[in-house]
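Residue-level structure breakdown
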Amino acid sequence: QVQLVESGGGSVQPGGSLRVSCAASGSTFSIFIMGWYRQVQGKERELVATITSGGSTNYADSVKGRFTISRDVAKNTVSLQMNSLKPEDTAVYFCYAKVVLQFLPYDYWGQGTQVTVST
């Protein structure tokens, strides 16, 4: 079992910056990938960015060059620095962890944190 707790988020004007962070607890030794997804009400949850324990990153095309994901493996945290925010970035942001236990993969999610970009 892995528990994920997000912090950060909030409201900002277009062009502004926000940072969301996530702390993992529990069987953290088994975490392979951590990352962020986002969801707008009525739409499917979509990938924002992920990072492996080795530091390899993957970004959605819509956030490349604006968002930066980072991870502290020793502290079991992952953060997402969001710059040049746009109204279309408004969503609930969910922390994500992929865990491998006894050779089987499991997905874990945080409770979500709201990010609102508006004038």
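See above for the structure.
If you're wondering where the values come from, they're calculated on a predicted model, not measured in any experiment. (Residues numbered from 1 in each chain as written. Predicted model: local features only at pLDDT ≥ 70, side-chain atom pairs only at ≥ 80, totals over all residues. Heavy atoms only, no water.)

1. Some details on the sheet that holds strand E3 (residues 18–26)
- Reading across the sheet, the four strands line up as E1-E3-E8-E7 and stay open at both edges, with antiparallel pairing between neighbours. At either margin of the open sheet sits one strand with a lone partner, and together these are strand E1 (2–8) and strand E7 (67–72). Neighbouring strand axes in the sheet, compared pairwise and without regard to direction, differ in orientation by 15° on average.
- Relative to strand E8 (residues 77–82), E3 runs antiparallel, the two sharing six bridges. Of the residues in E8, the one forming a bridge with Ser 21 is Ser 79. (Pairing = 2+ DSSP bridges. Helix = DSSP H or I, 4+ residues; strand = E, 2+ residues; numbered from the N terminus. Axes fitted to C-alpha atoms, helices over the stretch in contact; angles between N-to-C directions.)

2. Brief notes about the nonpolar core
- The biggest cluster of nonpolar side chains holds 30 residues, and the ones touching the most others in it are Leu 4, Met 34, Trp 36, Leu 80, Met 82 and Tyr 93.
- Those elements giving two or more residues to this core turn out to be E1, E3, strand E4 (31–39), strand E5 (46–52), E7, E8, strand E9 (91–101) and strand E11 (113–117).
- When residues in this core are grouped by element, the largest group, five residues, is from E9.
- Sequence-distant contacts of Tyr 93, defined by excluding residues within four places in its chain, comprise Glu 6, Trp 36, Tyr 37, Arg 38, Val 48, Phe 67, Leu 80, Met 82, Gly 112, Thr 113 and Val 115. (Core = buried A, V, L, I, M, F, W, Y, C linked by side-chain atoms within 4.5 Å. Buried < 20%, exposed > 50% of the residue type's maximum accessible area, 1.4 Å probe, protein only. Contact = heavy atoms within 4.5 Å.)

3. Digging into the packing of aromatic side chains
- In this structure the tally under the stated criterion is three aromatic pairs.
- Consider the rings of Tyr 96 and Trp 109, whose centres lie 4.9 Å apart with planes at 50°: the pair is tilted. Here the residue Tyr 96 occupies a position in strand E9, and Trp 109 occupies one in strand E10 (residues 104–109), the gap between them amounting to 13 residues.
- The rings of Tyr 37, Tyr 96 and Trp 109 are connected pair by pair, giving a single aromatic cluster.
- When the ring centre of Phe 94 is taken as reference, the NZ or CZ atom of Arg 45 above it lies at 3.7 Å.
- Stacked on the ring of Trp 109, the Lys or Arg Arg 45 has its end atom at 4.6 Å from the ring centre. (Phe/Tyr/Trp six-rings, centres within 6.5 Å; stacked < 30°, edge-to-face > 60°. Lys NZ or Arg CZ within 6 Å of the ring centre and 35° of its normal.)

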